[in-house]
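Coordinates in review
The residues making up each chain are set out below.
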Amino acid sequence: MNFELGKLVRPNIWALEPYSCARDEFKGMQAHVFLDANENPYNDPLNRYPDPLQEKLKERLAPFKHVCPSQMFLGNGSDEAIDLVYRIFCNPGIDNVVAIAPTYGMYKVCADINEVEYRSVPLNDEWQLDPKTLLSAADINTKVIWICSPNNPTGNDMSREAIHEVLTKFEGIVVIDEAYSDFSTQKPFRDILDNYPNLIVLNTFSKAWASAAIRLGMAFASEEIIGLFNKVKYPYNVNLLTQEKALAVLDDFMHVEGWLTQIKREREHVLPALQELPIVLKVFPTDANFVLVRVTDANRIYRYLIEQGIVVRNRHRVQLCQDCLRITIGTRQENNELLGAMRFFK
Ligand code: PMP
């Protein structure tokens, strides 16, 4: 593959002299008096700016993700990483991106915010992508292809072979959003980061790691690409409280593993039970912690569930998802409440 990062990056970003913050400059030196950042000397430790590159946290994360700290970017949710991909690679009004459909909505919202054309290519009847169609939607101004696996809202893994084909044949950036990969049995793509200079993998603390409130997302890529993320991000994009809470999650990882087992077990309970319901026409196979179901009348069932105090996601208006609801796997009690309510729908 003919991959030249310099040709893909927006010229202004390639040439950018990043802001050098006080904490960057003193790095590596010994000091005990900090009069460099106009901080207040009182109210320790909240008075100090946090580590701009979150080095301690990245060191702790590395063995969990099997990725070197220098190949990691941490951001305010993976949504920050999604937006940065546009800001780094896509010239507004000129470049475009290609994505599967249906998929996670923020890829399109960020494209619109950044004035980048968004080309969506429908998945087939089995919610799989066809590499040839995806690649043929790309032209010389296509900088990025977005793939989400397991995909939101369909729930299924994209075929590994199909993704490989896109990765090898496309000379731009391929982002694989693996926000839900802990719920799947498929090997994560971050494991083969070194094989693809054009690959960016997204992960998050918000799903299997049960920490959506702290807003912490991860991007894994070559050191060169991560260098670009670090140039463009706000200097202190991940606050101290988030960094500390994230370390606490990793210190107590047994809990995460327990929850994961529980959720996967619940999934086995919920899927067949949904299939039994007369109002459910189809339960789509899922590798995530949610399931897409086609029902007799999504709008009416959605409103009825709200009246019962149960909120699911109505995907009726999403391309190819007519009369579909997306339902998160909850606790046994929550799932039973949902199933009970759906059983009584008239
Ligand atoms: N990617 C996908 C596929 C998602 O479904 C979501 C959240 N719903 C995100 C990314 C965003 O995650 P975060 O909380 O890390 O911003």
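Residues numbered from 1 in each chain as written. Predicted model: local features only at pLDDT ≥ 70, side-chain atom pairs only at ≥ 80, totals over all residues. Heavy atoms only, no water.

Quick word on the overall build of the chain
Quick reminder of the rule: Helical segments are the DSSP runs of H or I of at least four residues, strand segments are the runs of E of at least two, and each set is numbered from the N terminus. Computation of the radius of gyration draws on C-alpha atoms, with the globule rule given as 2.2 Å multiplied by the number of residues to the power 0.38. Exposure classes here rest on a 1.4 Å probe applied to the protein chains alone. A residue is buried below 20% of its type maximum, exposed above 50%, and partly exposed in between. Two residues form a contact once any of their heavy atoms are found within 4.5 Å. Reported accessibility uses the Shrake-Rupley method at a 1.4 Å probe radius. Residues are deemed covered only where the shown protein chains occlude them.
In terms of regular secondary structure, the chain is built from 13 helices and 11 strands. Taken over C-alpha atoms, the radius of gyration comes to 22 Å for the chain, in line with the 20 Å a tight globule of 346 residues would show. Projected onto its principal axes, the C-alpha coordinates of the chain cover approximately 70 × 50 × 30 Å. Relative to its full complement of 346 residues, the chain shows a buried share of 53%. For the chain, contacts bridging at least 24 residues in sequence account for 70% of all contacts bridging at least 6. For the chain, the exposed area adds up to about 16900 Å²; of that, 52% sits on carbon and sulfur atoms.

Here we look at unusual backbone geometry
Of note, the bond from Asp 44 into Pro 45 is cis; its omega dihedral lies within 30 degrees of zero at 5 degrees. Here Pro 45 lies in the loop between helix 3 (22–25) and helix 4 (55–65). A cis amide bond links Ala 101 to the next residue, Pro 102, at an omega of 0 degrees. Along the polypeptide, Pro 102 turns up in the loop between strand 2 (96–101) and helix 6 (106–113). Although it is not a glycine, His 66 adopts a positive phi angle of roughly 55 degrees.

So, the pairing of strand 7 (residues 217–220)
Stated formally: Strand pairing is assigned whenever DSSP identifies at least 2 bridges connecting the two strands.
Where burial is concerned, the two faces of strand 7 agree: the one with Gly 217 and Ala 219 and the one with Met 218 and Phe 220 are both buried. Note that strand 1 (residues 72–75) and strand 7 share 4 bridges and pair antiparallel. By the bridge assignment for strand 7, Phe 73 is matched with Ala 219. Looking at chain direction, strand 6 (residues 199–204) and strand 7 are connected through 4 bridges and run antiparallel. Bridging from a neighbouring strand, Val 201 pairs with Phe 220 of strand 7.

Digging into the site of the ligand
Stated formally: We call a residue near a molecule or strand when any one of its heavy atoms sits within 4 Å of it. Polar contacts, as counted here, are pairs of nitrogen or oxygen atoms within 3.5 Å of one another; within protein the pair requires one atom able to donate a hydrogen and one able to accept it, and residues that are adjacent in sequence qualify only if both atoms are side-chain atoms. Gly is put with the polar residues, along with every residue not named as nonpolar or charged; the nonpolar set is Ala, Val, Leu, Ile, Met, Phe, Trp, Tyr, Cys and Pro, and the charged set is Asp, Glu, Lys and Arg.
Near the ligand you find 13 residues, and of these Ser 78, Asp 177, Tyr 180, Thr 204 and Ser 206 are the closest. In the environment of the ligand, an oxygen atom lies 2.6 Å from a nitrogen or oxygen atom belonging to the side chain of Ser 206. Protein contact buries 92% of the 400 Å² of open area that the ligand shows by itself. For the shell around the ligand, a count of residues per class yields 4 nonpolar, 5 polar and 4 charged.

Considerations on the pattern of salt bridges
Counted only if it meets this: Salt bridges are defined by distance alone: a side-chain nitrogen of Lys or Arg within 4 Å of a carboxyl oxygen of Asp or Glu.
The final tally for this structure, using the stated rule, is 13 salt bridges. Taking the shortest distance from any N to any O, the salt bridge between Lys 7 and Glu 4 comes out at 3.3 Å. The exposure class of Glu 4 is partly exposed, given its relative accessible area of 44%. One network of salt bridges, with partners in common, ties together Glu 117, Arg 119 and Asp 139.

Brief notes about the side chain of Glu 80
To keep it simple, the criterion reads: When charges are tallied, Lys and Arg are placed among the positive residues and Asp and Glu among the negative ones, while His and the ends of the chain are skipped.
Among the structural elements, Glu 80 can be located in helix 5 (residues 78–89). Among buried Asp, Glu, Lys and Arg side chains, Glu 80 stands out as unpaired, with Arg 87 the closest opposite charge at 6.3 Å. A polar contact of 3.3 Å, which involves the side chain of Glu 80, links it to the side chain of Asn 237. Residues within four places of Glu 80 in sequence aside, it is in contact with Phe 73, Gly 75, Lys 233 and Asn 237.

With respect to the packing of aromatic side chains
Let me state the cut-off plainly: Between rings of Phe, Tyr and Trp, where Trp is taken as its six-membered ring, a pair exists when centres lie within 6.5 Å; planes separated by under 30 degrees are stacked, by over 60 edge-to-face, and by other angles tilted.
Applying the stated criterion across every chain yields a total of 12 aromatic pairs. Here the aromatic rings of Phe 64 and Trp 209 are separated by 6.1 Å at their centres, their planes lie at 70 degrees, and the arrangement is edge-to-face. Of this pair, Phe 64 sits in helix 4 while Trp 209 is found in the loop between strand 6 and strand 7, placing the two residues 145 residues apart along the sequence. Assessed through its relative accessible area of 24%, Phe 64 is described here as partly exposed. On the accessibility criterion, Trp 209 (4% relative accessible area) is buried.

Remarks on the packing of helix 5 against helix 6
Definition in use: For helices, the fitted line uses only the C-alpha atoms of the stretch in contact; every axis is such a line through C-alpha atoms, and the angle between N-to-C directions lies from 0 to 180 degrees. Working rule for angles: under 35 degrees goes down as roughly parallel, over 145 as roughly antiparallel, 65 to 115 as roughly perpendicular, anything else as oblique. The crossing is said to be left-handed when, going from far helix to near helix, the turn is anticlockwise and less than a right angle, and right-handed when the turn is clockwise.
Two elements in contact, helix 5 and helix 6, have axes separated by 9 Å at closest approach and are oriented at 45 degrees. On the basis of their axis angle, the class for helix 5 and helix 6 is oblique. You can see that helix 5 and helix 6 cross each other, and the crossing is right-handed. Of the residues in helix 6, those in contact with Asp 79, Ile 82, Asp 83 and Tyr 86 of helix 5 are Met 106, Tyr 107, Cys 110 and Ala 111. Classifying every residue of the contact of helix 5 with helix 6 gives 6 nonpolar, no polar and 2 charged.

Some thoughts on the sheet that holds strand 8 (residues 280–283)
The strand order across the open sheet formed by 4 strands is 8-9-11-10, and the pairing between neighbours is antiparallel. The outermost strands of the open sheet, each flanked by one partner alone, are strand 8 and strand 10 (313–314). Taken strand by strand, helix 12 (residues 298–307) contacts strand 9 (290–295), strand 10 and strand 11 (324–328), and its axis lies near 35 degrees from that of strand 11.

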